[in-house]
Structures are given as structure tokens and as C-alpha cells.
Amino acid sequence: MMAGSTPARWPGSHAMPRNPGLALWWLPLACALLPVAAAHVALALSVHAGLVPDCVPYWDGCTSISRAGRHGLAAIVFKLVMLPCAVLQALHWLAARHWLALSHPDPAAGRWLPPLGLVAGVALAVYVAFLGTDGEIYRWMRRYGTIGYFAATYLAQLLYLRRLAQLPQQPRGPYLAMAAVSVAMLALGLASTGISAVAASGDDKDRLENLVEWHIGLMLTAWFLLQAAMWRRSRFGLVAVRD
């Protein structure tokens, strides 16, 4: 026996597979829900412990995700959830490459997704593993772990969307929604860079960076949720086939 995959097919294009086997839409779903759950549980625990202010970070920018999950029980919970998430991120982009290979006329479509997913997963693991540690080298690793994760993930999203747009029977609704989220992420990042350059004080800059961090995280959640819905509709999954 060996693992195969059911092709990603759209209702009305071909007959839908009767036995999709192990569905894989849970991968982007997990990539969406687990990080946002970890961040908010860590925030609640840190607020309860008096480690961060009691506020709405999406509006006040009073604390960062990193600070919310840096100390105490919040740090333990955050790491226990986010380290497995790093593995799921890498597996997700491997599955995304396979989804494109089955759906796209070019079988090589998305071949860069697994390497980008690996970079994103390793970078996220480095950031999480050294969160809450002291020392300049650890601060450097956390900083570049964050940059590496977001950069690799965003590049993978753009590559995926580019290939998705080339499908003969493009899932137009999901594509447009995912593209809109990616454009919003880029616009927010560029705007925050410009505003940070003219920020009146260090406190203003920190607040802005916190706001951007929380909203970018929310947009990543939305992107993966849209992808999960698209994969679920296409009945993409693993099946066991005989040699």
C-alpha cells in the first residue's frame, strides 16, 4: 500500500471523487486557528498575571504578541502550541505544492513552496524556542526568526496565488478573497514602515509595531481559513492505493 492523493477538482468540472481519503483541508485550518488561539490564550494569561496591560491590542497596541507569550504560564502554553505549528506550516506548504501539481496544467507548479515552507517553519521554531531568553544573540535570533517567517510565508502566498490564477477553471471567489488579504498585508506593512519613520517618540513607534503585528497575524489567519475552505470544497486529500 502507498499514499496517493485525490486530485483537486471543482464541482461541475469533473466527477467528484467518492472517497477523498484523509482530507488535508485541516492543515491550513490548523495554520489559521492554532496561532491565533495561542496568542489570545497567552495574552489572557499574561493579563491575569499582571505581566501586560489589560487592553485590546488590536486597538490600543499596548503589547506585542511576543510580550504576551514571553513569561510565566503564558510562555509555556504559547511554546507548547506554536512549536508544533512550525511543523504544520512546513507540512502545509508541502501539501500546497501537491495540490497545485494535481490541479495545474504545469506539473512543476509550486515547486518552490516546500523550500519556502521549510524556511518559514524553521524560522518560526527559532523565534518560539528563544522567546523569553536573555542575551544579544538570542534577541538577534528572535528578530530574524520573525522576519524569516513572515518573508517566507508571504512569498509562498504570492507564488501560490500566481499559480492559482493560472488554473483553467479558477476558483474565482477564493482567489480574489485571498489576493485581497495578501494586498492588504502588503499595504499595512508599507504604511507602517512610513509612519514608523516619522513617529514622534519611541512609545509611538512601539505602539504602531504592536498594532501591525496583531493585524498581520489576523490577516494570516484569514488567508489560511480561505485556503482551508477552498481545499475542503475541492475534496483534496490522501488516499491509499495498491501498487
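Because the structure is a prediction, the values reported are computed rather than measured. (Residues numbered from 1 in each chain as written. Predicted model: local features only at pLDDT ≥ 70, side-chain atom pairs only at ≥ 80, totals over all residues. Heavy atoms only, no water.)

Enquirer: I'm lost on the pattern of salt bridges in this one. Help?
Expert: Close approach of charged atoms lets side chains of opposite charge pair. Applying the stated criterion to the full structure yields 2 salt bridges. Here Asp-106 ties to Arg-163 by a salt bridge, and the two come within 3.3 Å at their closest N and O atoms. Remark: Arg-163 occurs in helix H6 (residues 136-164) and Asp-106 occurs in the loop between helix H4 (72-103) and helix H5 (113-129); sequence separation between them is 57 residues. With a relative accessible area of 29%, Asp-106 lands in the partly exposed category. For Glu-136, the salt bridge goes to Arg-139, with nearest N and O atoms at 2.6 Å. Pair noted here: Glu-136 and Arg-139 are both in helix H6, with a separation of 3 residues, about one helical turn. We classify Glu-136 as exposed; its relative accessible area is 57%. (Salt bridge = Lys/Arg side-chain N within 4 Å of Asp/Glu carboxyl O. Helix = DSSP H or I, 4+ residues; strand = E, 2+ residues; numbered from the N terminus. Buried < 20%, exposed > 50% of the residue type's maximum accessible area, 1.4 Å probe, protein only.)

Enquirer: Even after reading the chapter, I still don't get the state of the cysteines, so can you show me in this structure?
Expert: In protein structure, a disulfide is the covalent linkage between the sulfur atoms of two cysteines. Applying the stated criterion to the full structure yields 1 disulfide. Paired through a disulfide, Cys-55 and Cys-62 show a sulfur-sulfur distance of 1.5 Å. On the basis of relative accessibility, which here comes to 16%, the residue Cys-55 falls in the buried class. Free cysteine: Cys-31, not disulfide-bonded; nearest cysteine sulfur from Cys-85 at 7.0 Å. (Disulfide = S-S within 2.5 Å.)

Enquirer: Teacher, can you tell me more about empty space enclosed by the protein here?
Expert: Vacant regions in the atomic arrangement are exposed by a probe of water-molecule size rolled over the atoms. Tallied over the full model, the rule gives 1 cavity of 30 Å³ or more. In this structure, the largest cavity encloses a volume near 380 Å³. As for the largest cavity, its lining consists of 24 residues, of which Pro-35, Ile-65, Met-82, Phe-150 and Gly-217 are closest to the centre. Those elements that provide at least two residues to the lining of the largest cavity are helix H1 (26-48), helix H3 (65-68), H4, H5, H6 and helix H8 (202-234). (1 Å grid on protein atoms, 1.4 Å probe; cavity = no way out; pocket = protein on both sides within 12 Å on 5 of 7 lines; lining within 4 Å. Points joined across faces, edges and corners; volume = space filled by probe spheres on them.)

Enquirer: Help me understand the environment of Ser-46, please; the structure alone is not making it clear to me.
Expert: With respect to the helices and strands, the residue Ser-46 is situated in helix H1. On the accessibility criterion, Ser-46 (0% relative accessible area) is buried. Among residues more than four places away in sequence, those in contact with Ser-46 are Leu-51, Val-52, Arg-67, Ala-68 and Ala-74. (Contact = heavy atoms within 4.5 Å.)

Enquirer: Quick question: what am I supposed to make of the nonpolar core here?
Expert: Nonpolar side chains tend to gather and get buried jointly when the protein is soluble and globular. Counting residues in each nonpolar core, the largest one holds 57 residues, and the members touching the most others are Trp-99, Tyr-160 and Leu-164. Sorting the residues of this core by element identifies H1, H3, H4, H5, H6, helix H7 (172-197) and H8 as the ones contributing at least two each. Of all the elements, H4 adds the most residues to this core, at 11 residues. For Tyr-160, the contacting residues outside a window of four places in its chain are Trp-93, Ala-96, Trp-99, Leu-100, Leu-113, Met-178, Trp-223, Gln-227, Met-230 and Trp-231. (Core = buried A, V, L, I, M, F, W, Y, C linked by side-chain atoms within 4.5 Å.)

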